[in-house]
Amino acid sequence: MSMDHQPRRTRDNDHHTHQPPGSHDQQHRVLDLDAEVFGDHLAAVLDFVGVPAARSIVDLGAGTGAGSRLLRARYPDATVTGVDNDPQMLGLLRGQGFAVVEADLDDGFPALAETPVDLVWASSSLHHVAHPARLLSGVRRALAPGGVLAVVELATLPRFLSHPRGALLEQRCHAAAAAEGWNHHPEWTPVIEAAGFAVTRSEMTINAPVTPAAREYARQWFARFAHLAALTADDRDAVEDLLARFDDDVELEPRATRTVWVATSDQ
């Protein structure tokens, strides 16, 4: 996943996406925590995608390699190629043994080796692309017969609090984040269909166990919420109070919902 890229104007869909603040290292840590906490969720997404075997896989906007690692574990005999335009991310991918391609997805699907691609994975990356229609057309041309494009987005921001009062505070934080454009993405179905694909759309929710990683991940999100300008002063104080006692008595119920588009072409 590449939730840590900078906001871009998406001209084909006329929307603007913003990401939570944080340093590069913090963004890397958040990506890795998401993969650790909700790894079973992403594995369930791959079950839904339904590709039984693959020789060539492309991870678009591969970021720190969280998705690439999942793909390699599922398809150990496949070549997994991570595509990103961030040199630091590319270094992380190389260090994990992945093939890499440095490319700006705004320019379309990158030129790869002649081998057709069995699976293109775009998790939290398509909404950063300035010309998604151009990119998707390139994906369609690159896919092998029977190949699949999987587009994954967060349907909502992850939720963590179980107590009713805490859940209401979290709901208000999410509303403030939405007001500032966090996790804003289009309904991709018509865009993907216009590129020549048949599309199946689904939403998948998973509850994760409460682990030290889940507690750290929750803390990271609330630390970001504390900086939301759209929060009221009272809610900001409540978030700060929550952070101050996070390791003591905050009851968690980590859960996340992702929207998955599985696209196939008859070419």
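Everything below is about the structure printed above this text.
These numbers come from a predicted model, not from an experiment.

**Points about the nonpolar core**
Stage number 1. Counting residues in each nonpolar core, the largest one holds 29 residues, and the members touching the most others are Y217, F222 and F225.
Stage number 2. Of all the elements in the fold, those that place two or more residues in this core are α1 (24-37), β8 (159-161), α6 (164-179), α8 (212-225), α9 (233-244) and β10 (252-264).
Stage number 3. Considering every element that reaches this core, the biggest residue donor is α8, with seven residues.
Stage number 4. For F222, the contacting residues outside a window of four places in its chain are F160, L161, E170, C173, V239, L242, L243 and F246.
Stage number 5. Grouped together as the second largest cluster of nonpolar side chains are 27 residues, V101, V129, V191 and W261 included.

**Notes on α9**
Stage number 1. Here α9 is twelve residues long and its end C-alpha atoms lie 17 Å apart, about the 16 Å a rise of 1.5 Å per residue gives.
Stage number 2. Among the residues making up α9, those that are buried are D235, V239 and L242. In an axial view of α9, the angular spread of the buried residues amounts to 60°, which keeps them on one side of the axis. Opposite its buried face, α9 presents the exposed residues A233, D234, D237 and A244, each directed more than 90 degrees away.

**Side note on the pairing of strand β7 (residues 143-154)**
Stage number 1. Burial analysis of β7 places ten of its twelve residues in the buried class, which makes it a mostly covered element.
Stage number 2. For strand β6 (residues 117-123) and β7, the ladder comprises six bridges, and the chain directions are parallel. Its bridge partner being in β7, S123 is matched across the sheet by V152.

**Observations concerning unusual backbone geometry**
Stage number 1. For S124, which is not glycine, the phi dihedral falls at a positive 55°.
Stage number 2. As for its position among the elements, S124 is in the loop between β6 and α5 (132-142).
Stage number 3. The exposure class of S124 is buried, given its relative accessible area of 3%.

**Focus on the side chain of R255**
Stage number 1. With respect to the helices and strands, R255 occurs in strand β10.
Stage number 2. In this structure, R255 is buried with no salt-bridge partner, the nearest side chain bearing the opposite charge being E170 at 4.4 Å.
Stage number 3. Of the polar contacts made by the side chain of R255, one reaches the backbone oxygen of L161; its length is 3.2 Å.
Stage number 4. A polar contact of 2.5 Å, which involves the side chain of R255, links it to the backbone oxygen of E253.
Stage number 5. Aside from chain neighbours lying at most four places away, what touches R255 is F38, P158, R159, F160, L161, E170, I206 and N207.

**Some thoughts on the side chain of E153**
Stage number 1. Among the structural elements, E153 can be located in strand β7.
Stage number 2. Buried charge E153 goes without a salt bridge, the closest partner of opposite sign being R258 at 8.6 Å.
Stage number 3. Of note is the side chain of E153, whose polar atom sits 2.7 Å from the side chain of H127.
Stage number 4. In this view, E153 contacts S124, L126, H127, H185, W188, R258, T259 and W261; residues no more than four positions away in its chain are not counted.

**As for α8**
Stage number 1. Here α8 is 14 residues long and its end C-alpha atoms lie 20 Å apart, about the 20 Å a rise of 1.5 Å per residue gives.
Stage number 2. Three or more residues of α8 are buried, namely A213, A214, Y217, A218, Q220, W221, F222, R224 and F225.

Thresholds, definitions, all that
Residues numbered from 1 in each chain as written. Predicted model: local features only at pLDDT ≥ 70, side-chain atom pairs only at ≥ 80, totals over all residues. Heavy atoms only, no water. Core = buried A, V, L, I, M, F, W, Y, C linked by side-chain atoms within 4.5 Å. Buried < 20%, exposed > 50% of the residue type's maximum accessible area, 1.4 Å probe, protein only. Helix = DSSP H or I, 4+ residues; strand = E, 2+ residues; numbered from the N terminus. Contact = heavy atoms within 4.5 Å. Expected span 1.5 Å × (residues − 1). Arc of directions from axis to C-beta. Pairing = 2+ DSSP bridges. Lys, Arg positive; Asp, Glu negative; His and termini not counted. Salt bridge = Lys/Arg side-chain N within 4 Å of Asp/Glu carboxyl O. Polar contact = N/O pair within 3.5 Å; in protein donor to acceptor, adjacent residues only side chain to side chain.

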